[in-house]
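So you can see what is in the structure, the chains are spelled out below.
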Amino acid sequence: MLNERGVPSELVTPEDVREHCPGLQSEEFRGATYCPTDGFADPQIALQGFATRAPERRGWRFEPVRK
């Protein structure tokens, strides 16, 4: 389905996954898909980026959550 929509992907085995992502516990699944053009985003770093740029670009203000 991904390839039909123009995403260059392939089905890979758990062994293949270990080559691409050595830290991933591949024994937990039977297979996966791999796309060499996919990216990766660290959620914490992405949020820091938004929090840094949003105030100057949009006038937003971030405040800590108070419990």
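No experiment lies behind these values; they were computed from the predicted model shown. (Residues numbered from 1 in each chain as written. Predicted model: local features only at pLDDT ≥ 70, side-chain atom pairs only at ≥ 80, totals over all residues. Heavy atoms only, no water.)

## As for the overall build of the chain
Part 1: Helix and strand content of the chain: two helices and two strands.
Part 2: Reading the chain from its N terminus to its C terminus gives the helix and strand order β-α-β-α.
Part 3: Whereas a compact globule of 67 residues would reach a radius of gyration of roughly 11 Å, the chain reaches 18 Å, over 25% beyond that.
Part 4: Reported as C-alpha extents along the three principal axes, the dimensions of the chain are approximately 45 × 30 × 20 Å.
Part 5: Every one of the 67 residues in the chain was classed for burial, and the buried ones make up 10%.
Part 6: With the model as given, the accessible surface of the chain reaches about 6,400 Å², and the carbon-plus-sulfur share is 53%. (Helix = DSSP H or I, 4+ residues; strand = E, 2+ residues; numbered from the N terminus. Rg over C-alpha atoms; globule rule 2.2 N^0.38 Å. Buried < 20%, exposed > 50% of the residue type's maximum accessible area, 1.4 Å probe, protein only. Areas by Shrake-Rupley, 256 points an atom, 1.4 Å probe, with all protein chains shown as cover.)

## Quick notes on the environment of A54
Part 1: Locating A54 in the fold gives a position in helix α2 (residues 43–58).
Part 2: Classification of A54 by relative accessible area gives buried; the value is 8%.
Part 3: Ignoring anything within four residues of it in the chain, the contact list for A54 reads G59, W60 and F62. (Contact = heavy atoms within 4.5 Å.)

## Digging into the UniProt feature "domain: FAD dependent oxidoreductase" (unreviewed entry) in the chain
Part 1: The UniProt entry lists residues 4–61 under the feature "domain: FAD dependent oxidoreductase" (unreviewed entry), expressed in the numbering used here.
Part 2: As a span, residues 4–61 carries 40% helix and 10% strand, and end to end its C-alpha atoms are 43 Å apart. (UniProt positions renumbered as here; feature names shortened; annotations may be inferred.)

## A look at α2
Part 1: At T52, α2 shows its maximal kink, close to 25°; a proline, P55, follows between one and four residues later.
Part 2: Burial runs low along α2: only one of the 16 residues are buried.
Part 3: Backbone geometry just after α2 places G59 at a positive phi near 75°. (Bend = angle between axes of the 7 residues up to and from the residue.)

## Thoughts on the pattern of salt bridges
Part 1: Going through the model one piece at a time under the given rule, you end up with one salt bridge.
Part 2: Here E15 makes a salt bridge to R18, at a shortest N to O gap of 3.6 Å. With E15 and R18 both in helix α1 (residues 14–20), this residue pair falls three residues apart, about one helical turn. (Salt bridge = Lys/Arg side-chain N within 4 Å of Asp/Glu carboxyl O.)

## Notes on the side chain of S9
Part 1: Relative to the assigned elements, S9 resides in the segment before β1 (10–12).
Part 2: The contact partners of S9, leaving out residues within four places of it in the chain, are L2, N3, Y34 and C35.

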